[in-house]
Amino acid sequence: MAASGAVEPGPPGAAVAPSSALAPPPAADHLFRPISAEDEEQQPTEIESLCMNCYCNGMTRLLLTKIPFFREIIVSSFSCEHCGWNNTEIQSAGRVQDQGVRYTLTVRAPEDMNREVVKTDSATTRIPELDFEIPAFSQKGALTTVEGLITRAISGLEQDQPARRANKDATAERIDEFIVKLKELKQVASPFTLIIDDPSGNSFVENPHAPQKDDSLVITHYNRTQHQKEMLGLQEEAPAEKPEEEDLRNEVLQFNTNCPECNAPAQTNMKLVQIPHFKEVIIMATNCENCGHRTNEVKSGGAVEPLGTRITLHITDPSDMTRDLLKSETCSVEIPELEFELGMAVLGGKFTTLEGLLKDIRELVTKNPFTLGDSSNPCQKERLQEFSQKMDQLIEGNMKAHFIMDDPAGNSYLQNVYAPEDDPEMKVERYKRTFDQNEELGLNDMKTEGYEAGLASQR
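An account of the accompanying structure is given in this report.

How each quantity is defined
Residues numbered from 1 in each chain as written. Predicted model: local features only at pLDDT ≥ 70, side-chain atom pairs only at ≥ 80, totals over all residues. Heavy atoms only, no water. Core = buried A, V, L, I, M, F, W, Y, C linked by side-chain atoms within 4.5 Å. Buried < 20%, exposed > 50% of the residue type's maximum accessible area, 1.4 Å probe, protein only. Helix = DSSP H or I, 4+ residues; strand = E, 2+ residues; numbered from the N terminus. Contact = heavy atoms within 4.5 Å. Salt bridge = Lys/Arg side-chain N within 4 Å of Asp/Glu carboxyl O. Axes fitted to C-alpha atoms, helices over the stretch in contact; angles between N-to-C directions. Parallel < 35°, antiparallel > 145°, perpendicular 65-115°, else oblique. Left-handed = near helix turned anticlockwise from the far one by under 90°. Nonpolar A, V, L, I, M, F, W, Y, C, P; charged D, E, K, R; others polar. Patch = residues over 30% accessible without salt bridge, like charges linked within 9 Å, V, L, I, M, F, W, Y side chains within 5 Å. Areas by Shrake-Rupley, 256 points an atom, 1.4 Å probe, with all protein chains shown as cover. Lys, Arg positive; Asp, Glu negative; His and termini not counted. Charge placed at Lys NZ, Arg CZ, Asp CG, Glu CD. Disulfide = S-S within 2.5 Å. Pairing = 2+ DSSP bridges.

This brings us to the nonpolar core. Formed by 31 residues in total, the largest nonpolar core has its most connected members in Phe132 and Leu182. Those elements that provide at least two residues to this core are strand E5 (72–79), strand E7 (100–107), strand E8 (116–119), strand E10 (132–134), helix H2 (146–158), helix H4 (170–186), strand E12 (192–198) and strand E13 (204–205). If near-sequence neighbours (up to four positions away) are discounted, leucine 182 is found in contact with Leu130, Phe132, Ile150, Ile154 and Leu157. In this structure, Ile311, Leu358, Phe387 and Met391 belong to the second largest nonpolar core, which totals 27 residues.

Moving on, we come to the pattern of salt bridges. By the definition in use, this model includes 15 salt bridges. Residue arginine 165 pairs with aspartate 176 through a salt bridge whose shortest N-O separation is 2.9 Å. Remark: aspartate 176 occurs in helix H4 and arginine 165 occurs in helix H3 (residues 161–166); sequence separation between them is 11 residues. Taking the relative accessible area as the measure of exposure, arginine 165 reaches 46% and is therefore partly exposed. The shortest N-O distance in the salt bridge between arginine 362 and aspartate 392 comes to 2.4 Å. Of this pair, arginine 362 sits in helix H6 (residues 354–366) while aspartate 392 sits in helix H8 (residues 378–396), and the two are 30 residues apart along the sequence. Look at aspartate 392 and you get partly exposed, because its relative accessible area is 26%. Residues participating in the shared-partner salt-bridge network are Arg310, Asp406, Lys427 and Glu429.

Turning our attention to the packing of H6 against H8. Interhelical geometry of H6 versus H8 gives an angle of 165° and a closest axis separation of 10 Å. When the interaxial angle is binned, H6 and H8 end up roughly antiparallel. The crossing of H6 and H8 is left-handed. Where H6 abuts H8, its residues Glu355, Leu358, Lys359, Ile361, Arg362, Val365 and Thr366 lie against Leu384, Phe387, Ser388, Met391, Asp392, Leu394 and Ile395.

Okay, the packing of H2 against H4 next. A pair of packed helices is characterised by two quantities: the angle between their axes and the separation of those axes. Contact geometry of H2 with H4 gives a least axis separation of 10 Å together with a crossing angle of 165°. The pairing of H2 with H4 is recorded here as roughly antiparallel in orientation. Considering how the two elements wind past one another, H2 and H4 form a crossing that is left-handed. Contact residues: H2 offers Glu147, Ile150, Thr151, Ile154, Leu157 and Glu158, while H4 offers Ile175, Phe178, Ile179, Leu182, Lys183, Leu185 and Lys186. Per-class residue counts for the contact of H2 with H4 are eight nonpolar, one polar and four charged.

So, about a negative patch on the surface. Together, Asp436, Glu439, Glu440 and Asp445 give the surface a local cluster of negative charge. For aspartate 445, the location among the structural elements is in the loop between helix H9 (435–441) and helix H10 (451–458).

This next bit is on the state of the cysteines. One pass over the full model with this rule turns up zero disulfides. Cysteine 54 forms no disulfide, and the closest cysteine sulfur to it belongs to cysteine 80, at a distance of 3.5 Å. Judged by its relative accessible area of 26%, cysteine 54 is partly exposed. Summary of cysteine pairing: cysteine 262 is not part of a disulfide, and the nearest cysteine sulfur, belonging to cysteine 291, is at 3.6 Å. Accessibility expressed as a relative area gives 31% for cysteine 262, which makes it partly exposed.

Moving on, we come to the sheet that holds strand E23 (residues 350–353). Ordered in space as E23-E20-E25, the three strands form an open sheet in which the pairing is antiparallel. Pairing within the sheet leaves two strands with one partner each, and these edge strands are E23 and strand E25 (413–414). By the bridge criterion, four bridges tie strand E20 (residues 324–327) to E23 in an arrangement that is antiparallel. Looking at the pairing, leucine 325 lines up with threonine 352 of E23. Together, E20 and E23 form the strand contacts of H6, whose direction differs from that of E23 by roughly 110°.

So, about the side chain of threonine 312. Within the element layout of this structure, threonine 312 appears in strand E19 (residues 308–315). A relative accessible area of 17% places threonine 312 in the buried class. Residues in contact with threonine 312, not counting those within four places in the same chain, are His402, Phe403, Ile404, Glu425, Met426, Lys427 and Glu429.

On to the sheet that holds strand E24 (residues 401–407), then. The five strands are arranged E22-E21-E24-E19-E26 in an open sheet whose pairing can be described as antiparallel. For this open sheet the edge positions go to strand E22 (340–342) and strand E26 (426–431), each flanked by a neighbour on one side alone. Taking each pair of neighbouring strands and ignoring which way they run, the sheet shows an average axis angle of 15°.

This is the structure we're talking about:
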């Protein structure tokens, strides 16, 4: 197949008939030859094409060449002998690269103006010193030099200047001043920076010292943004739509139940809450409209922790009463100064404050008819009254004491007001559970690995 049939000509103009001067197709292994003015065998392919300016036939020349230390490109040039219109551009002969590329060239000497530049139509050209930018897709691709890029920019700005001056447009004078600055750049009176940013990765700036490093040229490869992918027409596979998961954190769920007091139908409200620096818990509350009984309970949203937790708080200030607290059903409470200990499962699971839990403990003791009723022992009654008074002092902040929460399951929590820093008044210990504690939690008989084989043997 001829080279002209392997590519689509870049300039506007449709090929209608091959010229008699059509060069013979080169061999496949010499289709793209390194660019060189001394290579006499490297001749362009000529195709007679339609001129889109005067609609007469002009000539399109295609040159398939290879830029040293870069890649293959197609240089196309169209000229019309009837109206004099011409057009030149380049196209990459390869695919869009995996990454975009950014060339940052510091022009310090006149020799830098002669560096070869391959600028595709998707590349953006910037000169930061003049706050000048040529946006992507505003020009056709070109094989030129640094000086050629600036000359092309000057020509584009001068194109409509006569019309602006005729209309006395105020911008005409400012554009003239800017053109003067661009022309001064070509003299390299002072160093300036040229940046070519191409998301397709197919632009190129010559390194005259190749393969050695060029101190004036910085090449940066980067991943394209989504906007750049859309600009290049790269379609990514749409991610498979995942079924929407129901978010229970912002909803209160309700289910029907019976009141534990009067057995009348009632509703229990349930909500999932995330405790900062801890884990998720489930709060359940039941309100009976028939008898007015109210209950609330807290369940841990996670599994049994590998280690037990022992939290010791030294109560020294009334503000400690406002600390958030989560007491699970497996947590015991101890206050050594009051010689008090509350076993597991007493009061159930609670999510409250330290003050709220202490008030529940006081109410549990003072409202027990067997401890403070008429049938109670006078000596025991006196000790419990003394305990109640000390508890009141503790709640009011007039007494210092140690508050200890021991949870073998590791699902209890006491707020650290200094989080994420350590609390000087609070100590958190992790410990390995004893056999008896595992037995009480039902973990000794729980088999979590290899249970399928055991079930299969039973069958």
